[in-house]
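Each chain is listed here by its residues.
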Amino acid sequence: MERPADLHVHTTASDGALTPTQVVRLAADVGLAAIGITDHDTVAGIDEALEAGKSAGVVVVPGVEISAIHGHNTEVHILGYYIDHRNRTLIDQLDVLRNARALRGRKMVERLNAVGIPVSFERVSEIAQGGAIGRPHVARALVEIGAASTIDAAFGRYLQEGAPGYVERYKVSLLEAVAMVLRAGGVACCAHVAKLNRDELLVELMREGMRAIEVRHPDHSPAGTKYYEQFAAKHNLIPTGGSDAHCIEGGKTTTVGGITVPFDIVERLQAESRAPSPGVWPTDAE
Ligand code: AMP
Ligand code: ZN
Ligand code: FE
Ligand code: FE
């Protein structure tokens, strides 16, 4: 059988625990032909991943996962594949989101301090290793100081909506997230669509230029996967999928290569992209 692709993985550029190089090497070790690097609100890990892909013999699909808001309270994640990760407008827009994440990280720490939890922003930043700060970094800091026994417990007690450390995060609108991906030449893909379960939204996004949906994901039931495979076929959308691995010790268990799609999905995404091929960047000839 042809070696498969995992098109949804996080690294230390956002809230994953492995560096882009480590993730790509792991992809090679588990026999993947391709890996999509889809960090939250940043493309800071892409260059390193592309470089590692060359030596490891793994195709690296430059990606991003943008958290967007629809209406008042529907959170929708938009994946962008084969974006031009050096596009200045995209980088500037993502920087705004990244800075907002840092401020929100500080606020979360302040709220936790206010209820007597002695977690420090310095430690959270250290854990984040310069990556876009997210709740998993705070969760790891909480486990370290013994305020929670597991990452999951830290979320449940302190970080989920309504909990004492919860702070809402600044998000772009759904249509803006799709536009950001398209302007950078990428293929817009709605993430984990069976969790979202809003077909009318998908139809609206198709009108905006979305060309793919994430059909395979660890949080999808077999029935949900099947339903959206048929939905993708009916609407001529590219059916993507991946592990959404974060590789955090004590966190969710799905690892790199845990959920995959056939390699031809990668080829369809690349064919659909209008960005320069990451393999033929001018710097490669220098
Ligand atoms: P943020 O983007 O900072 O709001 O954090 C969201 C991230 O937290 C996502 O990547 C999820 O994978 C992760 N997450 C959400 N809930 C949990 C949980 N109960 N246990 C572990 N990770 C979680
Ligand atoms: Zn994450
Ligand atoms: Fe997501
Ligand atoms: Fe994700």
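Engineer: Any chance you could explain the domain arrangement of the protein chain here in plain terms?
Structural biologist: Note: interface size is frequently given as the accessible area lost on complex formation between the parts. We note that the domain assignment places domain 1 (5–93 + 170–285) and domain 2 (98–159) within the protein chain. Using C-alpha coordinates to define each centre, domain 1 is positioned 25 Å away from domain 2. Every contact between the two is made by 15 residues of domain 1 and, on the other side, 11 residues of domain 2. Both sides of the domain 1 and domain 2 interface together cover about 940 Å² of buried area, and 54% of this is carbon and sulfur. In this assembly, domain 1 and domain 2 are joined by one salt bridge. Linking Asp 41 and Arg 101 is a salt bridge whose minimum nitrogen-to-oxygen distance equals 3.0 Å. Here domain 1 is connected to domain 2 by three residue pairs in polar contact (both at pLDDT 80 or more). Looking at the side of domain 1 that touches domain 2 residue by residue, the class counts come to four nonpolar, eight polar and three charged.

Engineer: Sorry, what's going on with the site of ligand 1 here?
Structural biologist: In the vicinity of ligand 1, the residues found are Asp 15, His 40, Arg 101, Arg 104, Gly 134, Arg 135, Pro 136, Ile 151, Asp 152, Phe 155, Arg 169 and His 246. In this structure, His 40 approaches ligand 1 through a side-chain N or O atom, which is 3.1 Å from an oxygen atom. Here an oxygen atom of ligand 1 and a side-chain polar atom of His 246 are 3.1 Å apart. For ligand 1, the accessible surface in isolation is 500 Å², of which the surrounding protein chains cover 80%. Judged by the proximity of its atoms to the pocket grid, ligand 1 belongs to the largest pocket.

Engineer: Whenever I open this one, the side chain of Lys 171 confuses me. Can you help?
Structural biologist: Position of Lys 171 among the secondary structure elements: in the loop between helix H6 (151–159) and strand E5 (172–173). If we ignore the near neighbours within four places in the chain, the residues touching Lys 171 are Ser 67, Ala 68, Ile 69 and Glu 75.

Engineer: I'm lost on helix H2 (residues 46–56) in this one. Help?
Structural biologist: Owing to its 3.6 residues per turn, the α-helix aligns residues three or four sequence positions apart on the same side. Every buried residue of H2 is listed here: Ile 46, Ala 49, Leu 50, Ala 52 and Gly 53. Each buried residue of H2 lies within a common arc of 165 degrees when the element is viewed along its axis, so the set occupies one face. Turned more than 90 degrees away from the buried face of H2 sit Lys 54 and Ser 55, all of them exposed. Looking at the buried residues of H2, the elements they touch are helix H1 (20–29), strand E2 (34–37) and strand E3 (59–70).

Engineer: Explain the packing of H1 against H2 to me, please; I cannot follow it from the model alone.
Structural biologist: A packed helix pair is summarised by two numbers, namely the angle formed by the two axes and the spacing between the axes. At a closest axis distance of 8 Å, the pairing of H1 and H2 adopts a crossing angle of 30 degrees. For the pair H1 and H2, the sense of crossing is right-handed. Residues Pro 20, Thr 21, Val 24 and Ala 28 of H1 form the contact with H2, whose participating residues are Glu 48, Ala 49, Ala 52, Gly 53 and Ala 56. Partitioned by chemical class, the residues of the contact of H1 with H2 number six nonpolar, two polar and one charged.

Engineer: Honestly, the pairing of strand E4 (residues 74–81) in this entry has me stumped. Any pointers?
Structural biologist: Along a regular strand, successive side chains alternate from one face of the sheet to the other. Counting buried positions along E4 gives seven out of eight residues, so the element sits mostly inside the fold. Where E3 meets E4, eight bridges bridge the pair, whose relative direction is antiparallel. Bridging from a neighbouring strand, Ala 68 pairs with Val 76 of E4. What sits between E3 and E4 in their antiparallel hairpin is a turn of three residues, with Gly 71 showing a positive phi close to 65 degrees. As judged from the four bridges shared by E4 and strand E6 (residues 187–190), these two strands associate in the antiparallel manner. Bridging from a neighbouring strand, Tyr 81 pairs with Val 187 of E6.

Calculation rules
Residues numbered from 1 in each chain as written. Chains lettered and ligands numbered in written order. Predicted model: local features only at pLDDT ≥ 70, side-chain atom pairs only at ≥ 80, totals over all residues. Heavy atoms only, no water. Domains from an automatic or database assignment. Contact = heavy atoms within 4.5 Å. Buried area = accessible area lost by both parts, 1.4 Å probe. Salt bridge = Lys/Arg side-chain N within 4 Å of Asp/Glu carboxyl O. Polar contact = N/O pair within 3.5 Å; in protein donor to acceptor, adjacent residues only side chain to side chain. Nonpolar A, V, L, I, M, F, W, Y, C, P; charged D, E, K, R; others polar. Near = heavy atom within 4 Å. Areas by Shrake-Rupley, 256 points an atom, 1.4 Å probe, with all protein chains shown as cover. 1 Å grid on protein atoms, 1.4 Å probe; cavity = no way out; pocket = protein on both sides within 12 Å on 5 of 7 lines; lining within 4 Å. Sits in = over half its atoms within 2 Å of the grid points. Helix = DSSP H or I, 4+ residues; strand = E, 2+ residues; numbered from the N terminus. Buried < 20%, exposed > 50% of the residue type's maximum accessible area, 1.4 Å probe, protein only. Arc of directions from axis to C-beta. Axes fitted to C-alpha atoms, helices over the stretch in contact; angles between N-to-C directions. Left-handed = near helix turned anticlockwise from the far one by under 90°. Pairing = 2+ DSSP bridges.

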